[in-house]
Amino acid sequence: MAGLHSSSRPINSSSSSSTSPSQVVFNSRLFLLLTLLPLTLASFAFVLQWRGGLTDPITRWSPDSDQFPGMLPRTIHSSQRNSGSGSGCVDVLGRSRSPSFPYFKDWKFDFGSDLKPKICITTSTSAGLEQTLPWIFYHKVIGVSNFFLFVEGKAATQNVSKVLESIPGVKVIYRTRELEEQQAKSRIWNETWLASFFYKPCNYELFVKQSLNMEMAIVMARESGMDWIIHLDTDELLHPAGAQEYSLRQLLSDVPSNVDMVVFPNYESSVERDDIKEPFSEVSMFKKNYDHLPKDVYFGNYKEATRGNPNYFLTYGNGKAAARIQDHLRPNGAHRWHNYMKSPNEIKLDEAAVLHYTYPKFSDLTSRRDRCGCKPTKEDVKRCFMLEFDRAAFIIASTATEDEMLRWYRERIVWTDRTLNLKLLRKGILARVYAPMAIIQGLRESGVFSSVIASAETTLTKDKFLSAVESSNTTRAQNTGMISSRQIGDKSKSQATARRVLEFIDDNTYSSAIPPQSPPGLDDLQNDT
């Protein structure tokens, strides 16, 4: 046995030595193959990406990407991004690049299609193209077909209004003498629901003007075959979260037929810099509404979220509403709608919101100040502004130096404390909303805005524009400014109509107009307990 074992050892040793070189070669080749294969595939993918053949799925939908759902792939060279440009609206809104924005095949966005429901937005604005064009086309992307723009100031100038008038689905209404005379005969002046806002300056006057414009917009919406109407300012964007698609049309199509009004709670922008130029493209952080937060989270973080300001939100917290077009519909102030014949059946959405870009630019302090002639005293500003923060901002803008204003702006409005921001984001008080930013950046980079401006030169006749401007200028010349809502209110024609209605409707339908209201405060919590 010992001999057998000793003889078997050399045999095994000989066999092992004879197979070892071939195994080593095989292993080496296998290792080389496994190394070269991924390198080859990676090189191939790199070449395809470099030539524009592949899209990186990780970066495709990132907030910083130039693409978003509905856009075709394209290559934008860094020289195009950083190249200087001349003056004018085209530069602010982005130069034309190919291909055009393909969401609805061209910038007309299928105006006149039979898609349902048909949604319109009405607004009263003095903003320029840098704000109104992104605002209009963003809402076109999410399903709004018609816009009724009551324009004054910069929005009524030739360079701006000729572009607005050239956009399919946009109706521009100038504040002419004819318009003011027509609104002076409105039945609203004979009714009590808006009476507490009459004959007061600044925000109160604007509130009345918005209500009168909304009343006219209802008539225009019916004539245009609209199903829903929404009043929105040009510093607000609808955010149709909760729909199967990112679509306002989809959202409203799912609303039960017995619902008359849909309330969108508002979120308020929380800017992180003091040098914002284009809020719609640069702001992604928002403070959520009380209605979208658990009560304990809201009140448990109230002091930190308020940051020494008078209220949880800087301005209003009671949202905006969409109303179903129907008989006897009327405005109920800028934030709600009502009906002369019944109390509307309303619902409040638990995910969708209005994104309110509140004082997003430092210049907003002075621009708001310049639109109001009140004295910068604590007593006088109460006549002019409904909300506490607006009053404080007006006083600072009227009395402080620019350095003091900037310091105040950073302390009260800009969210520079990243630790606090992260904490409130984790708590759910703050939220990141990227969809509007991505859509508007995509529209800008695709050249939609610049192509609209260029198209306006050929689609609007000079005579058509000049006739509107001449009428508007006549109003200014004769009145040294526009007729104020404090001056109009001719009741001669509408009294009979008002009396007829008052005979058979419930007093409840004349509830007071809903003004901009602050969100619940700590006093409300104490009252509840």
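In case you missed it, the structure is sitting above this.
Here is a short report on the structure shown in this document. Small disclaimer: the values here were computed from a predicted structure and weren't measured.

Another point: helix α4 (residues 129-141). Think of an α-helix as turning once every 3.6 residues; residues three or four places apart then point the same way. The terminal C-alpha atoms of α4 lie 18 Å apart, and with 13 residues this matches the ideal 18 Å at 1.5 Å per residue to within 8%. The buried fraction of α4 is high, at eleven of 13 residues. When α4 is considered as a whole, its buried residues turn out to be Leu129, Thr132, Leu133, Pro134, Trp135, Ile136, Phe137, Tyr138, His139, Lys140 and Val141. Backbone geometry just after α4 places glycine 143 at a positive phi near 120°.

Assignment of secondary structure puts valine 144 in the loop between α4 and β2 (146-151). For valine 144, a relative accessible area of 3% puts it in the buried group. Counting along the chain gives 26 residues from valine 144 to lysine 118, while the straight-line C-alpha distance between them is 7.2 Å. Here valine 144 is in contact with Ile119, Cys120, Ile121, His139 and Leu248, once residues within four sequence places are set aside.

What follows concerns the packing of aromatic side chains. In the structure shown here, the tally under the stated rule is 20 aromatic pairs. Consider the rings of tyrosine 359 and phenylalanine 389, whose centres lie 5.4 Å apart with planes at 75°: the pair is edge-to-face. In this pair, tyrosine 359 sits in the loop between β13 (353-356) and α12 (364-370) while phenylalanine 389 sits in helix α14 (residues 388-399), placing the two residues 30 residues apart along the sequence. Under the relative-accessibility criterion, tyrosine 359 is labelled buried at 2%. In this structure phenylalanine 389 comes out as buried when scored by relative accessible area, which is 1%. An aromatic cluster of three or more residues is present, and its members are Tyr290, Tyr298, Phe299, Tyr302, Tyr312 and Phe313.

Another point: the pairing of β13. If a strand is regular, its side chains alternate between the two faces of the sheet. Because side chains alternate across β13, one face comprises the buried residues Ala353 and Leu355, and the other comprises Val354 and His356, equally buried. Pairing geometry for strand β5 (residues 236-239) and β13, over four bridges, is antiparallel. Paired with leucine 238 across the two strands is valine 354, which belongs to β13.

About the thresholds
- Residues numbered from 1 in each chain as written.
- Predicted model: local features only at pLDDT ≥ 70, side-chain atom pairs only at ≥ 80, totals over all residues.
- Heavy atoms only, no water.
- Helix = DSSP H or I, 4+ residues; strand = E, 2+ residues; numbered from the N terminus.
- Expected span 1.5 Å × (residues − 1).
- Buried < 20%, exposed > 50% of the residue type's maximum accessible area, 1.4 Å probe, protein only.
- Contact = heavy atoms within 4.5 Å.
- Phe/Tyr/Trp six-rings, centres within 6.5 Å; stacked < 30°, edge-to-face > 60°.
- Pairing = 2+ DSSP bridges.

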